[in-house]
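# Coordinate analysis (summary)
Spelled out from the first residue to the last, the chains are:
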Amino acid sequence: MIFGSHVSIKDGYLGAAKQAASLNAGAFQYFPKNPRSLSVKSFDKEDANMCKEYCTEKGIVSVAHTPYPTTLTPADDKKKEQVIDSLLSDLEIAEACGSLGVVVHFGKNIFRDDPLASYRLMLEILNYVLSQWEGNCKILLENMAGKPGTMGTTLEELVQLRKLCDYPEKIGYCLDTCHAFASGLWNGDNWKQLLHKGVELGYFEHLVVFHLNNSKYDTGSGKDRHANIFNAGYIKEEQFSQVMESSLIENIPFILETPKEKVSHEKEIQQLQKRWG
Ligand SMILES: [Zn+2]
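Residues numbered from 1 in each chain as written. Predicted model: local features only at pLDDT ≥ 70, side-chain atom pairs only at ≥ 80, totals over all residues.

The protein goes by Endonuclease IV in an unreviewed UniProt entry, where it is assigned to Halobacillus mangrovi.

Written out as structure tokens, the structure is:
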């Protein structure tokens, strides 16, 4: 099993990889640039390349996470342009760092009178970005934490969006366990059915990474509040066990995005390795 966590790039990309290694992690996630902004600046290519080499040498895998303001359903054209430029820059940085992909949240429903318009907007953005992108690094669509029935909370939507895109081979998935639980996609007791459905739909063959998080709120709450894996949150250890014990997802990395106040990521990775490693 491959466990890791989100790490900071305060010491650069190589620094992030070294931090992951110091946590005894087999995988890590990082923000390719300022997490609070969509502005695009030049990046240190040499540092990114050293990160890539270091990860290859140590057998560590990584993914990048788009900055918080990134949305595939921007409200206006100006924001749309910013998102497109930012995504292309994230892909370029992540490719240079040797990462598997760039995690992007599914969009939101922003057109009240036309439920399909938001999906069309997402497709337009993905098609444009990926028409400009020739690298190996993929866009990784992440499932949302909304109330059951809101956009981006079902495997069907994720699979359909990928299929409808002009470049499906450049798209993979990120499955966030907290979001899946909060949205009711995974209620803690239906993992077997979810796995079966995901295999049938062709979801799991394109799953690249897990965000491994517990949830501060019960299933169906729609709330995106992460909690620590053990003895915290509504998802029980036995319920996580069902996920961990699926042979299908053996080689997919699990990345913690859990709070670090009570237990450090180093400690939590250690707990994960002890329990399921
Ligand atoms: Zn996540």
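## A short note on helix α3 (residues 77-96)
Since the α-helix advances by 3.6 residues per turn, residues separated by three or four positions end up pointing in the same direction. Over its 20 residues, α3 runs 29 Å from end to end, which matches the ideal 28 Å to within 8%, given 1.5 Å per residue. Residues V83, S86, L87, S89, D90, L91, I93, A94, E95 and A96 constitute the buried set of α3. Considering only its buried residues, α3 is in contact with α2 (45-58), β3 (61-65), β4 (101-105) and α4 (117-131). Two residues or fewer after α3 comes G98, characterised by a positive phi angle close to 80°. (Helix = DSSP H or I, 4+ residues; strand = E, 2+ residues; numbered from the N terminus. Expected span 1.5 Å × (residues − 1). Buried ≥ 20, exposed ≤ 12 C-beta atoms within 10 Å, placed from the backbone. Contact = placed C-beta atoms within 7 Å.)

## Some points on the pairing of β3
Of all five residues making up β3, five are buried, and the element is well covered by its neighbours. Of the two faces of β3, the one carrying V61, V63 and H65 and the one carrying S62 and A64 are both buried. Both strand β2 (residues 27-30) and β3 contribute to a ladder of four bridges, which runs parallel. Bridge pairing links Q29 to V63 in β3. Crossover connection from β2 via α2 to parallel β3: handedness right-handed. The sheet contact formed by β3 and β4 spans two bridges and is parallel. When the bridges of β4 are listed, A64 appears paired with V102. For the crossover from β3 across α3 to β4, the handedness is right-handed. (Pairing = 2+ DSSP bridges. Right-handed = clockwise from strand over helix to strand, strands pointing away.)

## Remarks on the UniProt feature "domain: Xylose isomerase-like TIM barrel" (unreviewed entry) in the protein
UniProt records the feature "domain: Xylose isomerase-like TIM barrel" (unreviewed entry) for residues 18-271 in the present numbering. Annotation note: span residues 18-271, helix share 38%, strand share 15%, distance between end C-alpha atoms 20 Å. (UniProt positions renumbered as here; feature names shortened; annotations may be inferred.)

## Comments concerning helix α5 (residues 155-164)
All of the buried residues in α5 are L155, L158, V159, L161 and R162. The buried residues of α5 occupy one face: seen down the axis, they fall within an arc of 165°. Those residues of α5 that are exposed and aimed more than 90 degrees away from the buried face are E156 and K163. If you follow the buried residues of α5, they end up packed against α4, β5 (138-142), β6 (171-176) and α7 (191-201). (Arc of directions from axis to C-beta.)

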